[in-house]
Structure formats: C-alpha cells, structure tokens
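If you want the building blocks of each chain, they are given just below.
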Amino acid sequence: MTFYSPDTQTDQAQPVLPAHRAEDLTSGGRLAHIALGDQVYTLRITRAGKLILTK
C-alpha cells in the first residue's frame, strides 16, 4: 500500500511513503520480526490494537 499526494505542478499523484498493514507483516498473527542491519526487532500487536516495537 502506498499513499499518494497530489502534485500541484503536474496535477498527478506522487508517492509519499510506503505503507504496510501490520496484519500483513504478522501474517494475521500478533508478532513479526523486523531486521535492520544486524539488529532484530519484534513488532507486537496488543489486544487493544496498539503496536509495540521492541529490540
């Protein structure tokens, strides 16, 4: 999923930032590992529907 904003100079939509659904990252579960360099982070979806990212 990518969000777009209108470009007022060309009247065409330009991509802003990539967006990813947390449910897709966790494959429908509640946890996902995300690697950045040599570090691994855990993305957790809480029962309240909030996100927690821990190292």
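Everything quoted here is computed from the prediction, not taken from an experiment. (Residues numbered from 1 in each chain as written. Predicted model: local features only at pLDDT ≥ 70, side-chain atom pairs only at ≥ 80, totals over all residues. Heavy atoms only, no water.)

*Asks:* Would you mind showing me how to read the overall build of the protein chain here?
*Replies:* Within the protein chain one finds one helix and five strands. Looking at the protein chain as a whole, 15% of its 55 residues qualify as buried. Looking at the protein chain alone, contacts between residues at least 24 apart form 2% of all its contacts between residues at least 6 apart. (Helix = DSSP H or I, 4+ residues; strand = E, 2+ residues; numbered from the N terminus. Buried < 20%, exposed > 50% of the residue type's maximum accessible area, 1.4 Å probe, protein only. Contact = heavy atoms within 4.5 Å.)

*Asks:* I would appreciate a short explanation of the sheet that holds strand β4 (residues 39-45) in the present structure.
*Replies:* The strands making up a sheet associate through hydrogen bonds between their backbones, and the pairing can be parallel or antiparallel. The sheet built from three strands is open, its strands ordered β3-β4-β5 with antiparallel pairing. If you trace the sheet from one side to the other, it starts and ends with β3 (31-36) and β5 (51-54), each paired once. This sheet shows a mean twist of 25 degrees between the axes of neighbouring strands, independent of strand direction. Strand direction decides the pairing type here: β4 and β5, joined by four bridges, are antiparallel. In the strand pairing of β5, I45 is matched with L51. (Pairing = 2+ DSSP bridges. Axes fitted to C-alpha atoms, helices over the stretch in contact; angles between N-to-C directions.)

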